[in-house]
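# A structural walkthrough
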Amino acid sequence: MIKGFKEFILRGNVIDLAVAVVIGAAFTAIVNAIVQGLINPLIALVFQADSLNDVIIAVPNIRGGTTDFGIGLILAAIINFLAVAVVVYFVFVYPMNRVKERAAARAGVTPADEEPKLPTEQELLVQIRDLLEKQKA
């Protein structure tokens, strides 16, 4: 049992996953700092974001009271998610893709070179027919 555990732990994908989690945690701090230090103040220029937490829809319930739905909390979470997604894409993903494209262009690799063209079904059938004819001869 210990041997199996040792093999499991020493697999490359477990180590890669552990590294990804640690890097992801550190990366989260960077993204949150950008969102809170830059994006949220930009949003605050347009409207007061804190006021979203107070947006509640009160619905009468069966017992005669009201049930409060925190729509503002949901809207604030959606806005925060979109802000994080925008920061991650435009600050990290887009520039990294551009760097990779430039490096590939310098190396002389084009996107068509990366994936080999697979033969069509008709081409495969022709190859099979030719091989069968060679075997008969």
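Residues numbered from 1 in each chain as written. Predicted model: local features only at pLDDT ≥ 70, side-chain atom pairs only at ≥ 80, totals over all residues. Heavy atoms only, no water.

### Digging into the packing of aromatic side chains
Defined as follows: For this analysis, a ring pair means two rings from Phe, Tyr or Trp (six-membered ring only for Trp) whose centres lie within 6.5 Å, classed as stacked if their planes differ by under 30 degrees, edge-to-face if by over 60, and tilted for the remaining angles. The cut-offs for exposure are 20% and 50% of the maximum accessible area for each residue type, with area from a 1.4 Å probe on protein chains only; residues under the lower value are buried, those over the upper are exposed, and the others partly exposed.
Under the counting rule described, the total for this entry stands at three aromatic pairs. On the numbers, 4.9 Å between centres and 85° between planes, the contact of Tyr89 with Phe90 is edge-to-face. Given a relative accessible area of 38%, Tyr89 falls into the partly exposed group. A relative accessible area of 55% means that Phe90 is categorised as exposed. Note on Tyr89 and Tyr94: the rings are 6.2 Å apart at their centroids and 45° apart in plane angle, and the pair reads as tilted.

### Overview of the pattern of salt bridges
We count it as follows: The salt bridge definition used is simple: a Lys or Arg side-chain nitrogen within 4 Å of an Asp or Glu carboxyl oxygen. Here a helix means four or more residues in a row that DSSP labels H or I, a strand means two or more in a row labelled E, and each is numbered from the N terminus.
Applying the stated criterion across every chain yields a total of two salt bridges. Between Glu101 and Arg98 there is a salt bridge, and its shortest N-O distance comes to 3.6 Å. Linking Glu101 with Arg98, this pair stays in helix α3 (residues 71-107), spanning three residues, or about one helical turn. What makes Glu101 partly exposed here is its relative accessible area of 48%. A salt bridge links Asp130 to Arg129, with the shortest nitrogen-to-oxygen separation between them at 3.2 Å.

### A few points about a nonpolar patch on the surface
For clarity, the threshold we go by: Patch membership requires over 30% relative accessible area and the absence of a salt bridge. Like charges are linked within 9 Å, and nonpolar side chains (Val, Leu, Ile, Met, Phe, Trp, Tyr) within 5 Å. Here the accessible surface of atoms and residues is derived via Shrake-Rupley with a 1.4 Å probe, and residues count as covered only by protein chains that are part of the display.
A grouping of Val55, Ile57, Val59, Phe69, Ile71, Ile74, Leu75, Ile78, Phe81 and Leu82 is seen on the molecular surface, where their side chains present a nonpolar patch of about 860 Å² in accessible area. Counting only elements with at least two residues in the nonpolar patch, the list comes to β1 (57-60) and α3. With six residues, α3 is the largest single contributor of residues to the nonpolar patch. Tracing the backbone shows Phe69 in strand β2 (residues 66-69).

### What about the pairing of β1?
To keep it simple, the criterion reads: Strand pairing is assigned whenever DSSP detects at least two bridges linking the two strands.
Looking at chain direction, β1 and β2 are connected through four bridges and run antiparallel. Across the sheet, Val59 pairs through a bridge with Thr67, a residue of β2. Where β1 folds back onto β2 in an antiparallel hairpin, the turn is made up of five residues, including Gly64, whose phi is positive at roughly 95°.

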